[in-house]
Amino acid sequence: MTAPADRRVHLTHAHAVDLLSRMTRIRRFEEACAEHYSAGRIRGFLHLYIGEEANAVGVCQALTEEDAIVATYREHGHALARGLPMGEVMAEMFGKAAGCSRGRGGSMHIFSVRHRFYGGNAIVAGGLPLAAGLALADRMQGRRRVTACFFGEGAAAEGEFHETMNLSALWKLPVLFVCENNLYAMGTALEISESNTDIAAHAAVFGMPAETVDGMDVVAVEAAARRAADAIRGGEGPRFLELRTYRFRAHSMFDPDLYREKAEVEAWKTHGPIVRFTEWATATGLIHAGDVETIEAEVAEEVAAAVAFADAAPFEPVEDLLKDVTTPREVAR
Amino acid sequence: MTTSRRITYREAVRQALREALASDERVFLMGEDVGAYGGAYACSLGLVDEFGTERVRNTPLAESGFTGAGIGAALGGMRPIVEIMTVNFALLALDQIVNTAATLRHMSGGQVSVPLVIRMATGAGRQLAAQHSHSLENWFAHVPGIRVVSPSTIPDARGMLKSALADPDPVIIMEHAMLYNEEGELEDAEDHAVDLDRAAVRRPGEQATIVTYSAGVKKALEAAGRLADEGISAEVIDLRSLRPLDDETVMASVRRTHRAVIVDEGWRTGSLAAEVATRIHEQAFYDLDAPVERVCTAEVPIPYPRHLEQAALPQPEGIVAAVKRTLRR
């Protein structure tokens, strides 16, 4: 754990508690999702974020309400970090009409326009052009906003990644590219899918400043994201962060996790983002005795309430099947 | 008093682009070579001088990237017109069109609309061989969440763009490359928006209905003219909108003529012609006096030599023969 040398991160007791609380909310939410998946209440794909919490929490610290987020199919963590109500997200997982996407999207398509959270894109690298476009609209309309675009390292092999990196650098678009490098694209290890495993180096090709950050260190992520966001807001064009991270669970609930050693997973868990931050912040006196217990109790209550809300919420009536394919016309024919 | 001028389809498209850029600051045009080059088919020639490089925006050769950027810009409050040089290259942007533009509204539970217009050239007939001659209108018309229109006339070449920009959802305008040099009358009407939902009867007739769209309209009209010389009265319907299809106009005609021939420059298998024929069978079967006929492109990648290319495409002779078959003549 690195002490924040960067003046942009003000590590007070309140801030440390907030970071830990945000990461804990995601962890316990994800665990509840796994449980309810096994119980059959959540279906389809479910990609858990456990192990990567520091990325979403750290980056979101650097964003304002005006900024936008485009994420992937492993986006429940980002949605919670962004401030979407947990009940709405859980209801979406349950496919209920009270879900943030009215149940139509499910776990991979969490949307909340009032939080400027533009999904939930489940095509690898498919969200990158969208983020560039949101940023282009901001630029053309003279708004000093940032669009943060999260994606995995697998996206770096896709054409849309390179097309968007070029376009964004060429047009100096205010995009914060956040590559969450968890070392495996589903079951394909980085070294068997990339000729150059240094993902941040890809940004250099486009003349885009990039930083490689320890994605298990929430403070380092926050500091790097603040530096990048400041530069973007200052009109310097896009920035790229490669966050080195690891997912502790399988790719999805369908994944038997045969492609990596159990010892490797266990080794990463010993320096996971929550345990590491807790130990460091306790040792340095940033968090106090009882803080962890208080956070856990509050989060447990919030998760229980979210599950209860999702459980009690009604499904959309089947008569509404064809709703929201196109925008309703004011004048019906 | 309305005045009218004789202009080309290309000029009508350009006029529509100019009017859109001039009337709404949110509108911008983005695509390969739309700037100094003036567009591969010269539709945007000169517009960069009038509106600048921000609003007539040349893109890198990255169809998926700039189409997706158009979707994002639409979400961000702009009204982008994305020009994809041809339908052939639009295949590189299918991910963004099908997986993003068409789905965002639905999978967000109705939170967003994507007011994006995508224009592209389509079709064969210029000896451009197999990779530059596709007619894949049906691929896009297959997808719920997008609207697909195909102007065959000068007024539609102008008016469909205005109507498309007023539509809150993604609209794909497929402009047939063989039509750009076609000339016709254009009225300088103030409000030139057209109804995107309706097919149009381009020639009234009594004994058979020819249903077609895009460049097929010209061929169908030529066939109808020849049939008239032989005393056969054929109606020609221009679908105009390929999604949604205007069943009402087609069925009203077929119920009156009792015969239908569908002309489609797509390949027969899985074609729009198949869709229209099926709808006729579903909705007007007992009004038919003969099986529905189809005149489609031969099932071959479009060949380079002119005689083979023309042989592959629907032609007036084939349309005349098909209409006569429905009349057992």
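Parameters and conventions
- Residues numbered from 1 in each chain as written.
- Chains lettered and ligands numbered in written order.
- Predicted model: local features only at pLDDT ≥ 70, side-chain atom pairs only at ≥ 80, totals over all residues.
- Helix = DSSP H or I, 4+ residues; strand = E, 2+ residues; numbered from the N terminus.
- Rg over C-alpha atoms; globule rule 2.2 N^0.38 Å.
- Buried ≥ 20, exposed ≤ 12 C-beta atoms within 10 Å, placed from the backbone.
- Contact = placed C-beta atoms within 7 Å.
- Nonpolar A, V, L, I, M, F, W, Y, C, P; charged D, E, K, R; others polar.
- Pairing = 2+ DSSP bridges.
- Axes fitted to C-alpha atoms, helices over the stretch in contact; angles between N-to-C directions.
- Left-handed = near helix turned anticlockwise from the far one by under 90°.
- Core = buried A, V, L, I, M, F, W, Y, C linked by C-beta atoms within 7 Å.
- Parallel < 35°, antiparallel > 145°, perpendicular 65-115°, else oblique.
- Expected span 1.5 Å × (residues − 1).
- pLDDT = per-residue confidence, 0-100.

1. Thoughts on the overall build of chain B
For chain B, the count of helices and strands is 13 helices and 14 strands. The globule rule puts the C-alpha radius of gyration for 329 residues at 20 Å, and the 20 Å found for chain B is close to it. The principal-axis extents of the C-alpha atoms in chain B amount to approximately 60 × 45 × 45 Å. Looking at the 329 residues of chain B, the share that counts as buried comes to 56%. By sequence separation, contacts in chain B at least 24 residues apart represent 79% of the contacts at least 6 residues apart.

2. Describing the overall build of chain A
Within chain A, the secondary structure is distributed over eleven helices and eight strands. The C-alpha radius of gyration computed for chain A amounts to 20 Å, which stays within 12% of the reference 20 Å derived for 333 residues, consistent with globular compactness. In terms of its C-alpha atoms, chain A occupies a principal-axis envelope of roughly 60 × 50 × 40 Å. Taken across its 333 residues, chain A has 54% of its residues classed as buried. Long-range pairs, those at least 24 residues apart, make up 76% of the contacts in chain A between residues at least 6 apart in sequence.

3. Considering the interface of chain B and chain A
When the parts of a complex come together, some accessible area is lost, and that lost area is often taken as the interface size. Tallying the contact residues gives 35 residues for chain B and 35 residues for chain A. If you list the elements that add at least two residues to the side of chain B that touches chain A, you get helix H3 (63-75), helix H5 (94-101) and helix H6 (104-107) of chain B. The leading source of residues in the side of chain B that touches chain A is H3 of chain B, at ten residues. For the side of chain B that touches chain A, a count of residues per class yields 13 nonpolar, 17 polar and five charged.

4. Things to note about the sheet that holds strand E14 (residues 293-297) of chain B
Residues and elements named next belong to chain B. A sheet is described by the order of its strands in space; here five strands give the open sequence E9-E11-E10-E13-E14, paired in mixed fashion. Two strands close off the open sheet at either side, each with one partner strand: strand E9 (200-203) and E14. Averaged over all pairs of adjacent strands, the angle between their axes in this sheet comes to 25 degrees, without regard to strand direction. Direction of pairing for E9 relative to strand E11 (residues 234-238): antiparallel, over a ladder of three bridges. Bridge assignment links Ala200 to a residue of E11, and that residue is Asp238. Packing of helix H9 (residues 216-229) onto the sheet brings it into contact with E9, strand E10 (208-212), E11 and strand E13 (260-267), and relative to E11 it is tilted by some 170 degrees.

5. Details of the sheet that holds strand E5 (residues 117-122) of chain B
Residues and elements named next belong to chain B. Spatially, E3-E2-E4-E5-E7-E6-E12 is the arrangement adopted by the seven strands of the open sheet, whose pairing is mixed. Where the open sheet ends on each side, the last strands, each with one partner, are strand E3 (56-58) and strand E12 (241-243). The sheet shows a mean angle of 20 degrees between the axes of neighbouring strands, taken without regard to direction. The pairing of strand E6 (residues 147-149) with E12 spans two bridges and is antiparallel. Its bridge partner being in E12, Val149 is matched across the sheet by Ser241. Running at roughly 65 degrees to E3, helix H2 (residues 47-55) makes contact with strand E2 (27-31) and E3 of the sheet.

6. Concerning the packing of helix H2 (residues 53-61) of chain A against helix H8 (residues 218-233) of chain A
Residue and element names in this part refer to chain A. The contact between H2 and H8 brings their axes to 7 Å, and the two run at 35 degrees. Here the hand of the crossing between H2 and H8 comes out right-handed. The segment H2 lies against H8, with Ala54, Asn55, Val57, Gly58, Val59 and Gln61 engaging Val218, Val221, Glu222 and Ala225. A breakdown of the residues in the contact of H2 with H8 according to their chemical character gives six nonpolar, three polar and one charged.

7. Considerations on the pairing of E14 of chain B
Residues and elements named next belong to chain B. Of all five residues in E14, four are buried; the element is thus mostly enclosed. Two elements, E13 and E14, share five bridges in a ladder whose sense is parallel. Bridge pairing in E14 places Trp267 opposite Thr297.

8. A closer look at H5 of chain B
An α-helical turn contains 3.6 residues, so any two residues separated by three or four positions project in the same direction. Buried residues of H5 of chain B: Asp95, Gln96, Ile97, Thr100 and Ala101 of chain B, and no others. Where H5 of chain B is buried, its residues meet helix H5 (127-140) of chain A together with H3, H6 and helix H7 (137-141) of chain B.

9. Quick look at the nonpolar core
Among soluble globular proteins, nonpolar side chains are generally buried collectively. Grouped together as the largest cluster of nonpolar side chains are 201 residues, with contacts concentrated most on Cys149 of chain A together with Ile210 and Val323 of chain B. Ranked by residues supplied to this core, first place goes to H8 of chain A with ten residues. With residues near it in sequence (within four places) discarded, Cys149 of chain A still touches Val70, Gly127, Leu128, Ala131, Val175, Leu176, Phe177 and Val178 of chain A.

10. A short note on the packing of helix H1 (residues 9-23) of chain B against H2 of chain B
Residues and elements named next belong to chain B. Contact geometry for H1 and H2: axes closest at 11 Å, N-to-C directions at 55 degrees. Here H1 is positioned oblique relative to H2, judged by the angle of their axes. Considering only the axes of H1 and H2, their crossing is left-handed. Across from Leu17, Arg18 and Leu21 in H1, the residues of H2 making contact are Leu47, Glu50, Phe51 and Arg55.

11. What about the environment of Arg259 of chain B?
Residues and elements named next belong to chain B. Within the secondary structure layout, Arg259 lies in the loop between helix H10 (247-257) and E13. For Arg259, a count of 24 C-beta atoms within 10 Å corresponds to the buried category. In sequence terms Arg259 and Gln315 are 56 residues apart; their C-alpha atoms lie 19 Å from each other. Discounting residues that sit within four places of it in the chain, Arg259 has contacts with Gln207, Ala208, Thr209, Asp289, Ala290, Thr326 and Leu327.

12. Focus on H5 of chain A
A rise of 1.5 Å per residue sets the reference length of H5 of chain A, with its 14 residues, at 20 Å; its end C-alpha atoms lie 20 Å apart and thus fit the reference within 8%. Within H5 of chain A, 13 of the 14 residues are buried, leaving the element largely enclosed by the surrounding structure.

13. Considering the confidence of the model for chain B
Looking at chain B as a whole, its pLDDT mean stands at 97, while 99% of the residues score no less than 70. Quick note on the complex model: pTM equals 0.96, ipTM equals 0.95.

14. Concerning the pairing of strand E4 (residues 79-86) of chain B
Taken residue by residue, a regular strand's side chains alternate between the two faces of the sheet. All names here are of chain B. For E4, the tally of buried residues reaches seven of eight residues, placing the bulk of the element in the interior. Note that E4 and E5 share five bridges and pair parallel. In the sheet register, Thr86 faces E5, and the bridge partner there is Ala121.

15. Comments concerning the environment of Val263 of chain B
All names here are of chain B. Topologically, Val263 is positioned in strand E13. The spatial distance from the C-alpha of Val263 to the C-alpha of Gly65 is 34 Å, given a sequence separation of 198 residues. The contact partners of Val263, leaving out residues within four places of it in the chain, are Ile210, Thr212, Gly216, Lys219, Ala220, Val295, Pro314 and Ile319.

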